[in-house]
Amino acid sequence: MPEPRVPGSGGEELALPCGESVDPQRLDLGMRSFECSCGETHAVVMDVHPPSRFVPEFLVEVLRETIETDDEFDEFGTAHVMGVMMEEFPEDVVTLDKSDDGNVGYGLLWVTDFDDRKLHEIVVELLVELMEHAISHADSNEAMTAFEEQMLEFDVAEFVEQYRDERDLETEHDRAI
């Protein structure tokens, strides 16, 4: 006789970077992190989370106007941000495609070995590097110099602290800044 299925259990387990596993059905749209049985907190990102989770919407718009995508996504978004994360930290990020599973509410899922705050800082650092690369192709020494000067004064940890305080999303009706 088969074992009874636990409600909310998809029967599928996602192997995490820490060696533990989690049922993807346990991860809902409102989650940004979860306490793992390994004792650590892991960041959770879903394709339905907007990139403005990490940076202000005006910057997301600049990135969308600047970065051409050559994939199934219409514009630069969270999947691209997490793709960069996976390139830089392949051992620390796992992904799962649930686009064929209508029970979860998301198509792509990423879980990191980092907690949500550390992930946020890394994403901001990677986006700054991406912007620096884009500016280097502008053939403007003035723009590059101005950007480099601004980045000397930019404190990623302070930005993340302020941004997280300002965008503290409490309900589904809150909007990113």
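As the structure is a prediction and not an experimental result, all values here were calculated from the model.

*Asks:* Which residues make up the side chain of Asp101, and what are the values?
*Replies:* Within the secondary structure, Asp101 sits in the loop between strand 5 (93-97) and strand 6 (108-112). Side chain to side chain, Asp101 and Gln25 meet in a polar contact 3.4 Å long.

*Asks:* Mind laying out the nonpolar core, listing which residues take part and the relevant values?
*Replies:* The biggest cluster of nonpolar side chains holds 29 residues, and the ones touching the most others in it are Val55, Met85 and Leu119. For this core, the elements supplying multiple residues, two or more each, are strand 4 (41-46), helix 1 (57-66), helix 2 (78-88), strand 6, helix 3 (116-136) and helix 5 (156-166). Ranked by the residues each element gives to this core, the list is headed by helix 3, at 8 residues. Residue contacts for Met85: discarding those within four places in its chain leaves Val93, Phe114, Leu119, Ile122, Val123 and Leu126. Membership of the second largest hydrophobic core comes to 15 residues, among which are Phe34, Val104, Tyr106 and Leu109.

*Asks:* So what's going on with helix 3? Residues and values would help.
*Replies:* Structural remark: α-helix, 3.6 residues per turn; residues separated by three or four positions point the same way. Between the first and last C-alpha of helix 3 there are 30 Å, a value that for 21 residues agrees with the 30 Å anticipated at 1.5 Å per step. Taken together, the buried positions of helix 3 are occupied by Asp116, Leu119, His120, Glu121, Ile122, Val123, Val124, Leu126, Leu127, Val128 and Met131. At the N-terminal end of helix 3, a side-chain oxygen is found 3.3 Å from the backbone nitrogen of Arg117, two or three residues along, and the residue is Asp115.

*Asks:* Can you lay out the environment of Gly105 for me, pointing to particular residues and giving the numbers?
*Replies:* Topologically, Gly105 is positioned in the loop between strand 5 and strand 6. Excluding anything up to four places from it in sequence, Gly105 contacts Leu29 and Val48.

*Asks:* Provide a residue-level description of a negative patch on the surface, including the pertinent values.
*Replies:* Negative charge collects at one region of the surface, where Glu87, Glu88, Glu125, Glu129, Glu132, Glu148, Glu149 and Glu153 lie side by side. For the negative patch, the secondary-structure elements that each account for two or more residues are helix 2, helix 3 and helix 4 (141-153). Along the chain, Glu125 falls in helix 3.

*Asks:* So what's going on with the packing of aromatic side chains? Residues and values would help.
*Replies:* Counted under the stated rule, the structure contains 3 aromatic pairs. An angle of 85 degrees between the planes, with centres 5.3 Å apart, marks the rings of Phe89 and Phe114 as edge-to-face. Highlighted residues: Phe89 in the loop between helix 2 and strand 5 and Phe114 in the loop between strand 6 and helix 3, separated in sequence by 25 residues. The exposure class of Phe89 is partly exposed, given its relative accessible area of 25%. Assessed through its relative accessible area of 14%, Phe114 is described here as buried. The interplanar angle of 45 degrees and the centroid separation of 5.6 Å between the aromatic rings of Phe154 and Phe159 together place this pair among those described as tilted. Through pairs of rings, three or more aromatic residues link up here, namely Phe154, Phe159 and Tyr163.

*Asks:* Provide a residue-level description of the sheet that holds strand 4, including the pertinent values.
*Replies:* Here we have 4 strands laid out as an open sheet, ordered 3-4-6-5, and antiparallel in their pairing. Pairing within the sheet leaves two strands with one partner each, and these edge strands are strand 3 (33-35) and strand 5. The average angle at which neighbouring strand axes cross in this sheet is 25 degrees, direction not considered. Both strand 5 and strand 6 contribute to a ladder of 5 bridges, which runs antiparallel. The residue of strand 6 that forms the bridge with Asp97 is Leu108.

*Asks:* Hey, could you go over helix 5 for me, with residue numbers and the actual values?
*Replies:* The complete set of buried residues in helix 5 reads Val156, Phe159, Val160 and Tyr163. Down the axis of helix 5, the buried side of the element spans an arc of 95 degrees, and every buried residue falls inside it. Residues of helix 5 that are buried sit in contact with helix 3. Capping the start of helix 5 is the job of one residue whose side-chain oxygen sits 3.0 Å from the backbone nitrogen of Ala157: Asp155.

Definitions and cut-offs
- Residues numbered from 1 in each chain as written.
- Predicted model: local features only at pLDDT ≥ 70, side-chain atom pairs only at ≥ 80, totals over all residues.
- Heavy atoms only, no water.
- Helix = DSSP H or I, 4+ residues; strand = E, 2+ residues; numbered from the N terminus.
- Polar contact = N/O pair within 3.5 Å; in protein donor to acceptor, adjacent residues only side chain to side chain.
- Core = buried A, V, L, I, M, F, W, Y, C linked by side-chain atoms within 4.5 Å.
- Buried < 20%, exposed > 50% of the residue type's maximum accessible area, 1.4 Å probe, protein only.
- Contact = heavy atoms within 4.5 Å.
- Expected span 1.5 Å × (residues − 1).
- Patch = residues over 30% accessible without salt bridge, like charges linked within 9 Å, V, L, I, M, F, W, Y side chains within 5 Å.
- Areas by Shrake-Rupley, 256 points an atom, 1.4 Å probe, with all protein chains shown as cover.
- Salt bridge = Lys/Arg side-chain N within 4 Å of Asp/Glu carboxyl O.
- Lys, Arg positive; Asp, Glu negative; His and termini not counted.
- Charge placed at Lys NZ, Arg CZ, Asp CG, Glu CD.
- Phe/Tyr/Trp six-rings, centres within 6.5 Å; stacked < 30°, edge-to-face > 60°.
- Pairing = 2+ DSSP bridges.
- Axes fitted to C-alpha atoms, helices over the stretch in contact; angles between N-to-C directions.
- Arc of directions from axis to C-beta.

Treat this as a map of the structure, not an account of what it does.
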